[in-house]
Amino acid sequence: MQLQKNIFIRSVSLLFFVFLVENSFAQYQYNQLVWADEFSQSGLPDTSKWNYDRGRGCPQLCGWGNNEPQFYTWERKENARVINGELIIEAHKEQFEGAPYTSARLTTKAKGDWKYGRIEVRALLPKGLGTWPAIWMLPTNNHYGNWPKSGEIDIAETVGYQKDTLHQTIHTDRYNGMYQTQRTKVMPLKNHGEQYHVFAIEWSASKIEYYLDGVKTYVFEKENNTYSVWPFDQPFHLILNMAIGGNFGGKKGIDDSIFPVRMKVDYVRIYQ
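These numbers come from a predicted model, not from an experiment. (Residues numbered from 1 in each chain as written. Predicted model: local features only at pLDDT ≥ 70, side-chain atom pairs only at ≥ 80, totals over all residues. Heavy atoms only, no water.)

J.: Looking at this model, I keep getting lost on the layout of surface pockets. Mind explaining?
T.: Considering only enclosed or pocket space, the largest pocket measures out at about 1,200 Å³ in volume. Lining the largest pocket we find 38 residues, and of these Trp64, Asn66, Trp136, Trp147 and Glu152 sit closest to its centre. The leading source of residues in the lining of the largest pocket is strand S10 (residues 131-139), at five residues. Split by residue class, the lining of the largest pocket holds twelve nonpolar, 18 polar and eight charged. (1 Å grid on protein atoms, 1.4 Å probe; cavity = no way out; pocket = protein on both sides within 12 Å on 5 of 7 lines; lining within 4 Å. Points joined across faces, edges and corners; volume = space filled by probe spheres on them. Helix = DSSP H or I, 4+ residues; strand = E, 2+ residues; numbered from the N terminus. Nonpolar A, V, L, I, M, F, W, Y, C, P; charged D, E, K, R; others polar.)

J.: Hey, could you run me through a nonpolar patch on the surface in this one?
T.: A cluster of nonpolar side chains, contributed by Trp147, Met178 and Tyr179, occupies part of the molecular surface with about 410 Å² of accessible area. When its relative accessible area of 37% is taken as the criterion, tryptophan 147 is described as partly exposed. (Patch = residues over 30% accessible without salt bridge, like charges linked within 9 Å, V, L, I, M, F, W, Y side chains within 5 Å. Areas by Shrake-Rupley, 256 points an atom, 1.4 Å probe, with all protein chains shown as cover. Salt bridge = Lys/Arg side-chain N within 4 Å of Asp/Glu carboxyl O. Buried < 20%, exposed > 50% of the residue type's maximum accessible area, 1.4 Å probe, protein only.)

J.: I keep staring at the packing of aromatic side chains and nothing clicks. Help me out?
T.: Note on aromatic pairs: each is described by the distance of the centres and the angle between the planes. Applying the stated criterion to the full structure yields 19 aromatic pairs. For the pair tyrosine 116 and tryptophan 203, a centre-to-centre distance of 5.5 Å together with 80° between the ring planes defines the contact as edge-to-face. Highlighted residues: tyrosine 116 in the loop between strand S8 (113-114) and strand S9 (117-124) and tryptophan 203 in strand S14 (residues 197-203), separated in sequence by 87 residues. Both residues of the pair, tyrosine 116 and tryptophan 203, belong to the buried class. Lying across the ring of tyrosine 271, arginine 118 places its NZ or CZ 4.0 Å from the centre. For arginine 269, the ring lying beneath its charged end belongs to tyrosine 267, and the centroid distance is 3.5 Å. (Phe/Tyr/Trp six-rings, centres within 6.5 Å; stacked < 30°, edge-to-face > 60°. Lys NZ or Arg CZ within 6 Å of the ring centre and 35° of its normal.)

J.: Can you help me understand the pattern of salt bridges in this one?
T.: Opposite charge on two side chains lets them pair, provided their charged atoms get close. Applying the stated criterion to the full structure yields 13 salt bridges. One network of salt bridges, with partners in common, ties together Arg76, Glu78 and Glu94.

J.: I would appreciate a short explanation of the state of the cysteines in the present structure.
T.: Put plainly, a disulfide is one covalent bond tying together the sulfur atoms of two cysteines. Taken as a whole and judged by the stated rule, the model has one disulfide. Linked covalently through their sulfurs, cysteine 58 and cysteine 62 form a disulfide whose S-S length is 1.9 Å. (Disulfide = S-S within 2.5 Å.)

Right, dumping it as structure tokens:
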């Protein structure tokens, strides 16, 4: 009798565990791989897939709108290279074209543009005071006007002054960082700076679902058809970059002793 009871308890426990797993982990709706970079060839990033955003940004050297001090270089292995199956984006403390730091910002614009799908990136985001690495998306054609009217999807951001913390954020005309109304999920990121994680979104005509290591973390749902809250019915492209300082990353200063500092990307995969 006791043996039967123990078997019953173990069976119930197993079923409960399976229930938790099935309800915690993603059942992805997009499964056809349409674009990927596994970073299997060493050297500069593949120019058939990646562009470089260059310089200080904006006509008036405005630090890409965020008062960031770095200079984004191009075709310079010190700042962006593929080695041992990984993309390395590396920031340096150095004088370059009038800027005190260098880094890189890679985009897929016109080489990888998608409307809906699953965007998945396995990466190690660095820690260190002043760092601001990001995996994010912008509209390719700004159908509704310049930022934030055409939207922004921040798949993953960290800032060095927040330990083990991940930001997943949506910007639109109504919900944007200029007015502190952006829609953001702030959550723990285990072993930030030491462990790889899989950052992903599932983007459909009605919602954008966020995932961390296969677990759904946040859902931004379409409230209505106005572009001010849902401009996400147009193609977007992917951006990988590591900013230094700026309005968000530099709120508590920059520790110059951390350089050089690396963001590592194992793969990028797009499914539709």
